[in-house]
Amino acid sequence: MNTKKHPFFQVGSTLPEDSPSYIERPADTELLNALLDGDLCLVLAPRQTGKSSLMVHVGTRLRREGKRVGIVDAQALVGHKDLGPWFSDAVHQIQRSMELECDAAQWWEDHKRLGPAQRFMDFVEDMILEEVAGDAVLFFDEIDAIVSQPFSDSFFTTIRSLYNARATNAKLRRITFCLLGKASPTEFVRDRTRTPFNVGKSISLTDFSRESLAPFRDVLGSDSDPSVDRIFHWTNGQAFLVQRLAAAAYDLDDDQRQAKQIDEAVERDYLDKRAEDDVHLRFIQDYVVDDEKTKAASLSTYRKVRAGKTVRVDERSPVQTRLGLAGLVRGERTDGEKTVLRVRNRIYEQVFTDAWVRQLMPVNWARRAAMTLAVVLIVGGVYAYWGWYPQQFIANLEAAVKPEEWRLVRQNYEKLRSIPGYTGRAAGALAEYWERCAGDAERLEQRDQALLLRIQALSSSPGGKRRRAVGQVAQGYSHLSATFRHQYFVQAVAFSPNANRVLTGSTDGTARLWDLQWGEVVQTFRHERSIQAEAFSPDGNRVVTVSDGTMARLWDVQRGEVVQTFRRDTLVRAVAFSPDGNRLCTGSDDGAARLWDVRRGDAVQAFRHRSRVYWVAFSIDGKSVFAGTWNWIHCWRLVGQNQGSSASRSVPGRLLGFVPTDPETVQAAWLVTATDVQTGPIRFDRYDAEPIEGDPQELLRTWQRKLALRLDNTGEWVYGREAIAPSQLDTAEPPE
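Residues numbered from 1 in each chain as written. Predicted model: local features only at pLDDT ≥ 70, side-chain atom pairs only at ≥ 80, totals over all residues. Heavy atoms only, no water.

1. Description of the pattern of salt bridges
Inclusion rule: Any Lys or Arg side-chain nitrogen found within 4 Å of a carboxyl oxygen on Asp or Glu counts as a salt bridge. The helix and strand labels rest on DSSP assignments: H or I over at least four residues marks a helix, E over at least two residues marks a strand, and numbering proceeds from the N terminus. Accessibility here uses a 1.4 Å probe with only protein chains present; expressed as a share of the type maximum, an area under 20% marks a residue as buried, one over 50% as exposed, and anything in between as partly exposed.
Tallying each qualifying case throughout the model produces 26 salt bridges. Of the charged contacts, one joins D278 and R244 as a salt bridge, the two residues approaching to 3.1 Å between their closest N and O atoms. With D278 in the loop between α12 (259–271) and α13 (279–289) and R244 in helix α11 (residues 239–250), the pair connects residues that are 34 residues apart, well separated along the chain. The closest approach of N and O atoms between D589 and R573, which form a salt bridge, is 2.3 Å. Of the two residues, D589 sits in the loop between β17 (583–588) and β18 (592–597) while R573 sits in strand β16 (residues 572–577), which places them 16 residues apart along the sequence. The exposure class assigned to D589 is partly exposed, which follows from its relative accessible area of 24%. Overlapping salt bridges, with partners in common, bring together D207, R330, E332 and R344 in one network.

Written out as structure tokens, the structure reads:
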């Protein structure tokens with residue numbers, strides 16, 4: 001047996017920057033790049049997964065990049081119950097770790113007239129950033145020690161405020177923060193009157209891969225492959241367990257480092273013990289069961305996962321978050337590209353068994369008593385409750401199969417849902433009625449009508465069935481993925497530049513910002529009247545909304561506050577941002593496309609047309625504005641000698657909209673008949689184009705291609721419904 005420990009192994013402690021056993025994971029590069037980009041980063045993971053070691057190693061790499069790094073160990077400050085003393089000691093840690101020359105303690109004392117949050121914000125700006133010439137990064141480690149304190153809300157709102165202030169304070173852009181610990185962002189700010197902690201980039205700290213264990217093979221010897229593979233078999237790459245079992249393998253003689261000996265070590269150190277007998281396992285158990293609010297649900301969910309049942313990952317679930325932060329489960333991709341929960345490794349699976357779940361599952365005596373009473377009441381009143389009275393309304397609902405029977409259906413639905421206990425049955429019967437109508441429409445090949453009827457059925461269904469029915473809307477509409485509801489009609493929709501959020505505007509006077517992944521409202525922007533049009537800024541940080549067509553407001557997405565107002569006396573139907581975000585273009589009923597300065601809120605230029613402007617857009621280079629009327633698209637030059645000059649193209653039908661695809665082209669859609677839509681590119685000629693010479697037939701083809709025009713059977717140019725001579729093609733306003 002070996003008697004001397006190898007310096008490679010350090011079990012259960014933070015690895016120093018020069019540790020040979022530190023293994024880089026994807027999180028190293030991701031965290032480093034994010035902090036270099038100035039992102040606020042969140043490394044939220046279970047205990048003993050290498051968070052602090054990650055911080056030390058990324059901090060070293062940041063210093064090599066010329067960044068000043070400070071570290072606050074929140075675990076060392078657990079004795080404080082008030083924010084002021086806590087920040088005072090944190091400032092001391094920052095001074096020492098960043099090697100600041102200032103007297104932080106004296107400065108803190110001299111500014112005690114300020115509240116602790118404002119004092120810390122001033123310290124960052126007036127002391128750290130005054131002394132540090134370049135960029136700085138502050139790490140707050142073990143933040144779960146802060147979450148449990150009464151001042152938790154104030155601390156996290158202070159960090160968020162410092163980060164958000166970078167939008168208006170260029171000096172603060174030189175510092176960013178990284179929060180590490182065993183916590184969830186939903187725990188950061190518990191006071192519902194405060195804005196949630198909705199900033200930061202999450203860095204996923206994954207377990208070791210099988211390939212990354214090569215350094216352990218080197219230390220354990222050339223014949224250690226069976227033992228290292230067996231270590232991975234039991235641990236699935238969990239960092240602490242890998243170190244612990246590898247250190248145990250090193251204690252064995254070289255010829256004893258085999259799979260059998262690893263199994264014996266696992267049996268001895270883990271499987272023969274109760275969770276309470278091991279510090280690492282006890283922490284997992286305590287974290288799962290200490291929260292009485294989620295204890296029963298957490299144990300129940302874990303039992304399903306352990307049994308191999310499919311439990312889809314839901315990042316909004318406090319139960320799944322708790323199981324994940326305990327380290328008991330993790331998300332894994334399946335063959336169907338779904339992410340489901342799995343027990344983290346075989347050791348946990350063998351220790352935390354069904355018997356363990358049964359032992360810790362709380363008994364809900366109140367629920368048992370209520371269930372017993374409910375059974376007695378149900379048995380006694382079943383005939384009266386399910387008697388003939390409600391059955392007549394159910395029968396009428398089940399007999400209806402046509403949309404024309406809606407009036408009678410509604411009467412029976414209202415009567416049934418008014419009977420206590422029949423609300424869900426009424427909703428289900430109504431949904432089934434709409435489903436029968438949809439089926440009838442499908443048999444008649446009325447595809448669009450069937451879709452609308454199925455959506456009606458979906459909206460009428462009880463909550464649980466509604467979710468299950470989302471994927472059953474219709475086979476031909478498989479891309480329909482979400483529905484966002486207002487109280488009244490939705491009149492405007494805009495997608496964010498990164499396409500992960502959508503803004504909807506309604507006649508109820510609200511524009512709602514939705515998270516596309518979860519279908520939740522992120523922010524609500526309120527007007528006094530209905531929303532007519534809206535748009536995102538190119539960076540997605542601002543939105544503009546037009547209320548009742550006459551007032552436009554520019555909003556800060558993060559804060560939900562108005563930062564600029566634009567007013568007109570005429571109805572505005574369209575709005576668009578320039579690529580640099582400094583200008584707006586609006587289209588109005590008075591036939592004008594107006595250019596606005598975003599910072600001043602003033603109209604700086606107007607382009608006139610003979611009819612209403614329904615659509616506006618900037619060219620992708622920002623040098624032109626496209627304006628759409630009934631069946632015309634007009635291109636207005638904004639820069640150069642030809643500023644204010646225009647060119648126009650018509651489409652053979654009612655224009656439905658367009659999207660710029662290059663500086664001289666838009667992809668347009670138009671309505672040919674009541675039901676047929678066509679799309680195609682509409683090109684605009686160069687404004688400084690030289691005269692074209694050559695073969696007449698080739699010239700015709702060239703002009704036809706460049707101007708997107710066509711010839712009638714007499715050889716005349718056809719522009720919309722009228723023939724246009726070539727000499728008229730440069731006019732600013734074509735006939736309509």
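Once the structure has been displayed, the description carries forward.
2. Here's the deal with helix α1 (residues 26–36)
Note the threshold: Here, the arc refers to the directions that run from the helix axis to the C-beta atoms. Any pair of residues with heavy atoms lying within 4.5 Å of one another is described as a contacting pair.
For α1, the full list of buried residues reads A27, D28, L31, L32, A34 and L35. Projected down its long axis, α1 shows its buried positions confined to an angular sector of 165°, all on one face. Of the surrounding secondary structure, the elements contacted by the buried residues of α1 are β1 (41–44), α2 (51–64), β3 (136–141), β4 (175–181) and β5 (201–202).

3. Some thoughts on the sheet that holds β17
What counts here: Whether two strands pair depends on DSSP finding at least two bridges between them. Here an angle of 0 to 180 degrees is reported between the N-to-C directions of two axes, which are lines fitted to C-alpha atoms, with helices fitted over the stretch in contact.
The four strands lie next to each other as β16-β17-β18-β19, forming an open sheet whose pairing is antiparallel. Looking at which strands have only one partner, the edges of the open sheet turn out to be β16 and β19 (602–608). Pairs of neighbouring strands in the sheet enclose a mean axial angle of 20°, with direction left out of account.

4. Here's the deal with the pairing of strand β20 (residues 615–618)
The sheet contact formed by β20 and strand β21 (residues 624–628) spans four bridges and is antiparallel. Bridge pairing links A617 to F626 in β21. Remark: five residues form the turn of the hairpin made by β20 and β21, two consecutive strands paired antiparallel; G622 in that turn has positive phi of roughly 75°.

5. Some thoughts on the side chain of H609
Put simply, the rule is: The definition of a polar contact used here is a pair of N or O atoms within 3.5 Å, where within protein one atom must be able to donate a hydrogen and the other to accept one, and adjacent residues in sequence count solely through side-chain atom pairs.
As for its position among the elements, H609 is in the loop between β19 and β20. From its side chain, H609 meets the backbone oxygen of F607 in a polar contact 3.3 Å long.

6. Overview of a nonpolar patch on the surface
Selection criterion: Exposure above 30% relative accessible area and the absence of a salt bridge qualify a residue for a patch, where like charges join within 9 Å and nonpolar side chains (Val, Leu, Ile, Met, Phe, Trp, Tyr) within 5 Å. All accessible-area figures derive from a Shrake-Rupley calculation using a 1.4 Å probe, and residue coverage is judged against the displayed protein chains alone.
A cluster of nonpolar side chains, namely V490, V493 and F495, defines an oily patch on the protein surface of about 280 Å² accessible area. If you trace the backbone, V493 turns up in strand β8 (residues 490–495).

7. Notes on unusual backbone geometry
A positive phi angle, near 60°, is found at Q48, a position not held by glycine. Mapped onto the secondary structure, Q48 falls in the loop between β1 and α2. The class for Q48 is partly exposed, based on a relative accessible area of 26%. The phi dihedral of N236 falls on the positive side, at around 55°, and the residue is not glycine.

8. Structural notes on the packing of aromatic side chains
Convention followed: When the centres of two rings from Phe, Tyr and Trp lie within 6.5 Å, Trp using its six-membered ring, the rings pair. Their planes under 30 degrees apart give stacked, over 60 give edge-to-face, and anything left gives tilted. Lysine NZ or arginine CZ positioned within 6 Å of the ring centre and within 35 degrees of the ring normal marks a charge as sitting over the ring.
What the rule picks out here adds up to 25 aromatic pairs. Here the aromatic rings of F156 and F197 are separated by 6.0 Å at their centres, their planes lie at 80°, and the arrangement is edge-to-face. Within this pair, whereas F156 is found in helix α7 (residues 152–164), its partner F197 is found in the loop between α8 (185–188) and β5, the two being separated by 41 residues in sequence. Pair check on accessibility: F156 and F197 agree, each one buried. Residues F352 and W356 carry aromatic rings whose centres are separated by 4.8 Å and whose planes lie at 65° to one another, so their mutual orientation is edge-to-face. The lysine or arginine in question, R47, covers the ring of F283, its NZ or CZ lying 4.8 Å from the ring centre. Here the guanidinium or amino end of R322 rests over the ring plane of Y287, the centre of that ring lying 3.9 Å away.

9. Digging into the environment of S88
Relative to the assigned elements, S88 resides in helix α3 (residues 83–98). Looking at S88, the relative accessible area reads 28%, which means it is partly exposed.

10. Quick notes on the packing of helix α20 (residues 406–417) against helix α21 (residues 423–443)
Worth spelling out the cut-off: Roughly parallel covers angles under 35 degrees, roughly antiparallel covers those over 145, roughly perpendicular covers 65 to 115, and oblique covers all other angles. What makes a crossing left-handed is the near helix being turned counterclockwise from the far one by less than a right angle; a clockwise turn instead makes it right-handed. Residue polarity is assigned by list, with Asp, Glu, Lys and Arg as charged and Ala, Val, Leu, Ile, Met, Phe, Trp, Tyr, Cys and Pro as nonpolar; anything else, Gly included, falls into the polar class.
For the pair α20 and α21, interaxial distance at closest approach is 8 Å and the crossing angle is 160°. Judged by the inter-axis angle, α20 sits roughly antiparallel to α21. You can see that α20 and α21 cross each other, and the crossing is right-handed. Listed contacts from α21 to W406, V409, Y413, L416 and R417 of α20 are T423, R425, A426, A427, L430, Y433 and W434. Of the residues in the contact of α20 with α21, the class split is nine nonpolar, one polar and two charged.

11. Quick look at the confidence of the model for the protein
As a reminder of what qualifies: pLDDT measures the predictor's confidence residue by residue and takes values from 0 up to 100.
The pLDDT averaged across the protein works out to 81; a share of 83% of its residues lies at or above 70. Low confidence marks residues 687–694, where pLDDT is under 50. Its contacts with residues over four positions away, or in another chain, come to twelve contacts. Throughout residues 703–736 the model reports pLDDT below 50, and contacts reaching past four residues in sequence, or to other chains, amount to 68 contacts.

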